[in-house]
Amino acid sequence: PIRPALLCRSQQLHGEGQQPTFGFTVNWKSFSGACLAAADPGGDSTTVFVGQCFVDKSREESLHTMWLLREEVKAEKDDWKATRLHLRLYWECRPPPTPSHQPGLCTGSTSGCQLRIQHGVGPSADRSPPPQCSLLGLWQNDLGSEMNISAGNNAGKFFGTYLTKVS
Ligand code: BTN
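Let us look at the structure shown here.

Conventions and cut-offs
- By convention here, each chain's residues receive numbers from 1 onward along its written sequence.
- Residues qualify for local features only when their pLDDT is at least 70, as the model is predicted, and side-chain atom pairs are given and counted only at 80 or more; totals for whole chains, interfaces and linings, by contrast, use all residues.
- Working from all heavy atoms in the structure, the side-chain values ignore hydrogens and water.
- Only DSSP runs of H or I covering at least 4 residues are called helices, and only runs of E covering at least 2 are called strands; the numbering of each starts at the N terminus.
- Between N or O atoms, a polar contact is any pair within 3.5 Å; within protein, one atom must be a potential hydrogen donor and the other a potential acceptor, and residues adjacent in sequence are included only when both atoms are from side chains.
- Whether two residues are in contact is decided by their heavy atoms, any of which lying within 4.5 Å being enough.
- Two rings belonging to Phe, Tyr or Trp (six-membered ring only in the last case) form a pair when the distance between their centres is within 6.5 Å. Interplanar angles under 30 degrees mark stacking, angles over 60 mark edge-to-face geometry, and anything in between is tilted.
- Three exposure classes are used, based on accessible area relative to the maximum for each residue type with a 1.4 Å probe and protein chains only: buried under 20%, partly exposed in between, and exposed over 50%.
- Each patch is assembled from residues with relative accessible area greater than 30% and no salt bridge, linking like charges that lie within 9 Å and nonpolar side chains (Val, Leu, Ile, Met, Phe, Trp, Tyr) that lie within 5 Å.
- Surface exposure here means Shrake-Rupley accessible area, sampled with a 1.4 Å probe, where a residue is shielded only by the protein chains that are shown.
- We define a salt bridge as a contact between a side-chain nitrogen of Lys or Arg and a carboxyl oxygen of Asp or Glu at a distance within 4 Å.

A look at the side chain of Thr65
Part 1 of the argument: Here Thr65 lies in strand β4 (residues 61-71).
Part 2 of the argument: Separated by 3.1 Å, the side chains of Thr65 and Trp91 make a polar contact.
Part 3 of the argument: What Thr65 contacts, discounting residues up to four positions off in sequence, is Phe22, Phe49, Val50, Gly51, Leu87, Arg88, Leu89 and Trp91.

What follows is the structure, given as structure tokens:
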């Protein structure tokens, strides 16, 4: 089943080079409302991600993440089976279905995918400094799940939605 959720409590560490690290939480009951508080007993599972945004030689961006998924279990005796760990989850920028009105835009916003197109082609690309890897944009992972990071701020917070294709 396809299951949407909001990214919560996300943070990207700014000013630490061109390939920043980041982290965020996904609460799988949170899509229709605000993110659940940490102590909320109603959540049935939560995933935390950490990762890094990379820019390769051709200035294409990718995300390398790992995650921990905690499911609610009914009794303490089931604690042993409540957590899953996945060390390598790879994300690529997902281009729009039709590169129509604004070529190079991944999402229509100021996305990292836009940076790679604007700066990544032609002879001048080799001389200009590489852009800082940006999390903004529409991403797709190895599992087919999609994440749309649509806004960030100067405090390192970013916001978006997560649509898992597996659960
Ligand atoms: C659930 O059913 O408990 C929530 C869905 C969990 C989906 C997980 S989160 C980590 C991994 N990456 C994905 O894109 N989906 C799965």
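Notes on the packing of aromatic side chains
Part 1 of the argument: In total, this model carries seven aromatic pairs according to the counting rule given.
Part 2 of the argument: Judged by centre distance (6.4 Å) and plane angle (80°), the ring pair of Phe22 and Phe158 falls under edge-to-face. Of the two residues, Phe22 is situated in strand β2 (residues 21-27) and Phe158 in strand β8 (residues 158-164); the sequence distance between them amounts to 136 residues. Like Phe22, the residue Phe158 is buried in the burial classification.
Part 3 of the argument: Connected via pairs of aromatic rings, a cluster forms that spans Phe22, Phe24, Trp28, Phe49, Trp91, Phe158 and Tyr162.

Overview of the environment of Gln12
Part 1 of the argument: Tracing the chain through its elements places Gln12 in strand β1 (residues 3-12).
Part 2 of the argument: When the C-alpha positions of Gln12 and Pro95 are compared, they lie 23 Å apart, and in sequence the two are 83 residues distant.

Considerations on a nonpolar patch on the surface
Part 1 of the argument: Taken together, the side chains of Val48, Leu68, Leu85 and Leu87 define a hydrophobic patch exposed on the protein surface, amounting to about 360 Å² of accessible area.
Part 2 of the argument: Positionally, Val48 belongs in strand β3 (residues 45-55).
Part 3 of the argument: Among the residues examined, Val48 registers a relative accessible area of 36% and is labelled partly exposed.

No statement about biological role is implied by the geometric values presented.
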